[in-house]
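Survey of secondary and tertiary structure
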Amino acid sequence: MQLTRFILHLPAKDLFMIIYLSVNLGKIPCRRDCPHPESRVLLALSSVLAILLAMGSAFGFCALLGFLWTPVHTVLPFVILGLGVDDSFVIVNAFDQTDRNDPMAKRMRDTLAHAATSITVTSLTDFVAFAISTSSSLPALSSFCM
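Described below are features of the structure shown in this document. Everything numeric in this text was worked out from a predicted model, so none of it was measured.

So, about the packing of aromatic side chains. Aromatic rings in a pair are described by how distant their centres are and how their planes are angled relative to each other. Taken as a whole and judged by the stated rule, the model has zero aromatic pairs. One residue, Arg107, lies across the ring of Phe95, its end atom 4.1 Å from the ring centre.

Before going further, it helps to spend a moment on the nonpolar core. Membership of the largest hydrophobic core comes to 15 residues, with the highest contact counts inside it found for Leu21, Leu25, Val48, Ile51, Met55, Leu81 and Val85. Every element with two or more residues in this core is listed here: helix H2 (12-26), helix H3 (41-65), helix H4 (76-96) and helix H6 (139-145). A total of six residues in this core trace back to one element, the largest contributor, which is H3.

To continue, consider the environment of Phe95. As for its placement among the helices and strands, Phe95 is situated in helix H4. The buried category is assigned to Phe95, whose relative accessible area is 16%. Considered as a pair, Phe95 and Arg107 are 12 residues apart in the sequence and their alpha carbons are 6.9 Å apart. Excluding its chain neighbours within four sequence positions, the residues that come into contact with Phe95 are Arg40, Met104, Arg107, Met108 and Thr111.

Moving on, we get to the pattern of salt bridges. Scanning all chains against the criterion turns up two salt bridges. The partner of Asp102 in a salt bridge is Lys106, and the shortest N-O contact between them spans 3.8 Å. The class of Lys106 is partly exposed, set by a relative accessible area of 31%. Within this structure, Asp102, Lys106 and Asp110 form a network of salt bridges that share partners.

About the thresholds
Residues numbered from 1 in each chain as written. Predicted model: local features only at pLDDT ≥ 70, side-chain atom pairs only at ≥ 80, totals over all residues. Heavy atoms only, no water. Phe/Tyr/Trp six-rings, centres within 6.5 Å; stacked < 30°, edge-to-face > 60°. Lys NZ or Arg CZ within 6 Å of the ring centre and 35° of its normal. Core = buried A, V, L, I, M, F, W, Y, C linked by side-chain atoms within 4.5 Å. Buried < 20%, exposed > 50% of the residue type's maximum accessible area, 1.4 Å probe, protein only. Helix = DSSP H or I, 4+ residues; strand = E, 2+ residues; numbered from the N terminus. Contact = heavy atoms within 4.5 Å. Salt bridge = Lys/Arg side-chain N within 4 Å of Asp/Glu carboxyl O.

This is the structure in structure tokens:
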């Protein structure tokens, strides 16, 4: 019940981040005669959808384990969306650096080979920071980091 209420009432800062991602990753073409249209609005929106689905499953799993939703947790969606958007920018930037003449499978392979290292490092760093913070003596902070 709380999850559906959360998704339907995204805070304004999350909506601004979604709009920012759509505009920057979207690359809406300014000319009709562009030989390589680069509109990625659906990519940006699917990235946000994947982040929201991951967030929903994590919230559901934590609710299953008995963690309570406290007022401290209201900032969590913004933090999680920020981390996910960062990974989206890394992947798209690595994709833009590949050769356009290569087949799509090779471009994606090169993209993920280049971007996976930095995404893995940042994800592990975030995981370790949150895992260490779960041992905090403040119950709200511990629950937030869990």
